[in-house]
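Here is how the chains run, residue by residue.
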Amino acid sequence: MTAEVQPVNPDDLKALKERMQLIAEADPTQYHNEFSLKRYLKAFRTVDAAFQALLKTNKWRETYGVKDLEGSSAVQNNQLKARVLMHRDITGRPVIYIPAKNHNSSERDIDELTKFIVYCLEKACQKCFEEVTDNLCIVFDLAEFSTSCMDYQLVKNLIWLLSKHYPERLGACLILNSPTIFSTIWPVIRTWLDENTSSKVFFVSSEEELCKYLIPDILPNDM
């Protein structure tokens, strides 16, 4: 299932492209391609808002050290927490798989783990064939889930990252093997999501349903 693609106003895109071109000519590291500009326009609606958001993202990427995450302790120490899969979903989207059972909210370093999430988002985005699809599929597997696995701060951080620095990158978020206890947790998380994002969250309760999104065999069994 894919969300309906909203068109971008060509005049807005042209205006944003001209503004960013001036910035990139002075500093090539500030460059964003047309696909990225379209995503920011869809998310932030106006040229001014999109332009400001792009500049904030560029500054954040530099100060956060996004390019230096490869090989960092944040990546080395959290490899069982999430994985960008080799295979894609049925629409060609890269897949980030997150097994909740491997997370304990009382035994984690939130800053380190957030950096690992950024690393995974980066790797998944790099796998996008943007001419075909420029968004991602995130799979939360709640098998063996318990309340100690629930990390509200980490979820808030992920939502913030997706909204501010990876806008319109989320194509689908699949919740697998949801236990009864999660029905008391989801309403809290739901209040943090805008209507557009919440419409991309799908609870999958059977292998038959899962096949609408991806081939079950691509999900790892070694995590």
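Before reading further, recall that the structure is shown in the block above.
First things first, this report covers the structure right here in the doc. The structure presented is a predicted model; accordingly, all values stated were derived computationally and were not measured.

Focus on the sheet that holds strand 2 (residues 94-99)
Point 1. With mixed pairing, the five strands of this open sheet are ordered in space as 1-2-3-4-5. Both outer strands of the open sheet, strand 1 (83-88) and strand 5 (201-204), are each paired with one neighbouring strand and no more. In this sheet, neighbouring strand axes are inclined to one another by 25 degrees on average, regardless of whether the strands run parallel or antiparallel.
Point 2. Across four bridges, the pairing between strand 4 (residues 170-176) and strand 5 is parallel. Bridge pairing in strand 5 places L176 opposite V204.

Remarks on the side chain of R93
Point 1. With respect to the helices and strands, R93 occurs in the loop between strand 1 and strand 2.
Point 2. When its relative accessible area of 2% is taken as the criterion, R93 is described as buried.
Point 3. Polar side-chain contacts of R93 include one of 2.7 Å to the side chain of D89.

Points about the state of the cysteines
Point 1. A full pass over the atoms with the stated rule returns zero disulfides.
Point 2. You can see C149 has no disulfide; the closest cysteine sulfur is in C173, sitting 16 Å from it.
Point 3. Classification of C149 as buried rests on a relative accessible area of 9%.

Let's talk about the environment of T191
Point 1. Its place among the elements puts T191 in the loop between helix 7 (186-190) and helix 8 (195-198).
Point 2. When its relative accessible area of 62% is taken as the criterion, T191 is described as exposed.
Point 3. In terms of polar contacts, T191 uses its side chain to reach the backbone carbonyl oxygen of V188, at 2.6 Å.

Some points on the packing of helix 5 (residues 110-126) against helix 6 (residues 152-164)
Point 1. Two elements in contact, helix 5 and helix 6, have axes separated by 10 Å at closest approach and are oriented at 40 degrees. In terms of orientation, helix 5 lies oblique with respect to helix 6. Remark: the crossing between helix 5 and helix 6 carries right-handed chirality. The segment helix 5 lies against helix 6, with I110, L113, T114, I117, V118 and L121 engaging Q153, L154, N157, L158, L161 and L162.
Point 2. Residue composition of the contact of helix 5 with helix 6, by class: nine nonpolar, three polar and no charged.

Some thoughts on helix 1 (residues 10-26)
Point 1. Across its 17 residues, helix 1 extends 25 Å between first and last C-alpha, which sits within 8% of the 24 Å expected from 1.5 Å per residue.
Point 2. Of all the positions in helix 1, only L13, L16, M20 and A24 are classed as buried. Taken around the axis of helix 1, the buried residues stretch over an arc of 75 degrees, which confines them to a single face. Exposed and oriented more than 90 degrees from the buried face of helix 1 are D11, K14, L22, E25 and A26.
Point 3. On its buried side, helix 1 packs onto helix 2 (34-44) and helix 3 (47-64).
Point 4. The backbone nitrogen of D11 lies 2.8 Å from a side-chain oxygen of the residue at the head of helix 1, namely N9.

Considering the pattern of salt bridges
Point 1. If you walk through the whole model with that rule in mind, you get 15 salt bridges.
Point 2. Here E130 makes a salt bridge to R39, at a shortest N to O gap of 3.0 Å. Of this pair, E130 sits in the loop between helix 5 and strand 3 (136-141) while R39 sits in helix 2, and the two are 91 residues apart along the sequence. Accessibility assignment for this pair places E130 and R39 in one class, buried.

Cut-offs used in this document
Residues numbered from 1 in each chain as written. Predicted model: local features only at pLDDT ≥ 70, side-chain atom pairs only at ≥ 80, totals over all residues. Heavy atoms only, no water. Pairing = 2+ DSSP bridges. Helix = DSSP H or I, 4+ residues; strand = E, 2+ residues; numbered from the N terminus. Axes fitted to C-alpha atoms, helices over the stretch in contact; angles between N-to-C directions. Buried < 20%, exposed > 50% of the residue type's maximum accessible area, 1.4 Å probe, protein only. Polar contact = N/O pair within 3.5 Å; in protein donor to acceptor, adjacent residues only side chain to side chain. Disulfide = S-S within 2.5 Å. Parallel < 35°, antiparallel > 145°, perpendicular 65-115°, else oblique. Left-handed = near helix turned anticlockwise from the far one by under 90°. Contact = heavy atoms within 4.5 Å. Nonpolar A, V, L, I, M, F, W, Y, C, P; charged D, E, K, R; others polar. Expected span 1.5 Å × (residues − 1). Arc of directions from axis to C-beta. Salt bridge = Lys/Arg side-chain N within 4 Å of Asp/Glu carboxyl O.

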